Amino acid sequence: MQTLTAELVKLKRSMSWLLVVLLPVVLVLTGSIMTIVEGTGLDDDWQTLWMRSFVFYGLFPLPVGIAMSASLVWRPEHRGSNWNALLSGPTSSLRIVVAKATSVALLAVVMQLVALGVVALLGKLVFGLPGFVPPTQLGIFGLIVLACVPVAALQSWLSMVMRSFAAPVAVAFVGAGLSSALLVMGLDAVMFVSPYAALTRATQLGTATFADTGTIAPAVVVMIAAASLVLTGIATALNTAVLERGEARTG
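The rules behind the values
Residues numbered from 1 in each chain as written. Predicted model: local features only at pLDDT ≥ 70, side-chain atom pairs only at ≥ 80, totals over all residues. Heavy atoms only, no water. Helix = DSSP H or I, 4+ residues; strand = E, 2+ residues; numbered from the N terminus. Rg over C-alpha atoms; globule rule 2.2 N^0.38 Å. Buried < 20%, exposed > 50% of the residue type's maximum accessible area, 1.4 Å probe, protein only. Contact = heavy atoms within 4.5 Å. Areas by Shrake-Rupley, 256 points an atom, 1.4 Å probe, with all protein chains shown as cover. Expected span 1.5 Å × (residues − 1). Phe/Tyr/Trp six-rings, centres within 6.5 Å; stacked < 30°, edge-to-face > 60°.

Asker: Please give an account of the overall build of the chain that cites residues and values.
Answerer: Within the chain, the regular secondary structure consists of ten helices and zero strands. Its helices and strands taken in sequence order, the chain reads α-α-α-α-α-α-α-α-α-α from the N to the C terminus. A compact globule built from 251 residues should have a C-alpha radius of gyration of about 18 Å, and the chain, at 19 Å, falls within 12% of that. Reported as C-alpha extents along the three principal axes, the dimensions of the chain are approximately 60 × 35 × 30 Å. Buried positions account for 49% of the 251 residues belonging to the chain. Partitioning the intrachain contacts of the chain with sequence separation of at least 6 by distance along the chain shows that 80% fall at a separation of at least 24. When the accessible area of the chain is evaluated, it comes to approximately 11500 Å², of which 71% is carbon and sulfur surface.

Asker: Could you give me a rundown of helix α6 (residues 93–126), with the residues and numbers involved?
Answerer: Helix length check: α6, at 34 residues, gives a terminal C-alpha distance of 49 Å against a target of 50 Å (1.5 Å per residue), a fit within 8%. A positive backbone phi angle near 60° is found at G128, which sits one or two residues after α6.

Asker: Tell me what's going on with the packing of aromatic side chains, and back it up with residues and numbers.
Answerer: Considering all chains together, one arrives at five aromatic pairs under this definition. Relative to W83, the ring of W74 has its centre 6.4 Å away and its plane inclined at 50°; by these criteria the two rings are tilted. W74 sits in the buried class, given a relative accessible area of 0%. Each member of the aromatic cluster is reached from another via a ring pair, and the members are W50, F54 and Y57.

Asker: Break down unusual backbone geometry for me, citing the residues and quoting the values.
Answerer: Its identity is not glycine, yet D45 carries a phi of approximately 50°, on the positive side. In this structure, D45 sits in the loop between α2 (16–38) and α3 (46–59). If you check the backbone angles, F210 has positive phi at about 55° while not being a glycine. Secondary-structure assignment places F210 in the loop between α9 (195–204) and α10 (218–244). Among the residues examined, F210 registers a relative accessible area of 53% and is labelled exposed.

Here it is in structure tokens:
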């Protein structure tokens, strides 16, 4: 618990907060602005607004945003002698891994909450939609949050082993693109291999876009949830094993 608390204290001074607020705001607003400019309106109220806000966001920007957050979370450990201090400290590798991944996952959750808040405000104040975001979309939102966790765990690992800020982000971009292509080809099983695929599939759920049929099939929901949990466990175990074998750095 002390390790996680220490990581959360570090987040107070992190530039990550600027990222997790600006990225979803800009992307959700962009989709809505295009709707206003085109004058097409929202044919299916909240469902249409949800689709225009979350589908493209989930293809590339969301995984890349999580990757950037992970790079920022690990950035202090790659400076000076901090890496050697990390390896020689009394904290176990598992606790370090869990604390770092939890910090990244927390930033991802905040990112989703900001996106949901912007969607709700736009729906009510700009488009005058009735009621609130429907329970179906809120359920999908919960699934998206869950699917963010394995991506956070994977990107935390990549940012741990790569001192470069950009390299893990590039991996997320390529991984998300490849995963999206495989999903469009009908290979849903890729969700158990690629965390990006599980996250992308969650953002498409019920939208009839790309790999989605428009029907929220219970089997797909279970697959996304199961893949998220399994991949989180695998990423955590591998990350811990790698950190256990970490070597001191001289420069």
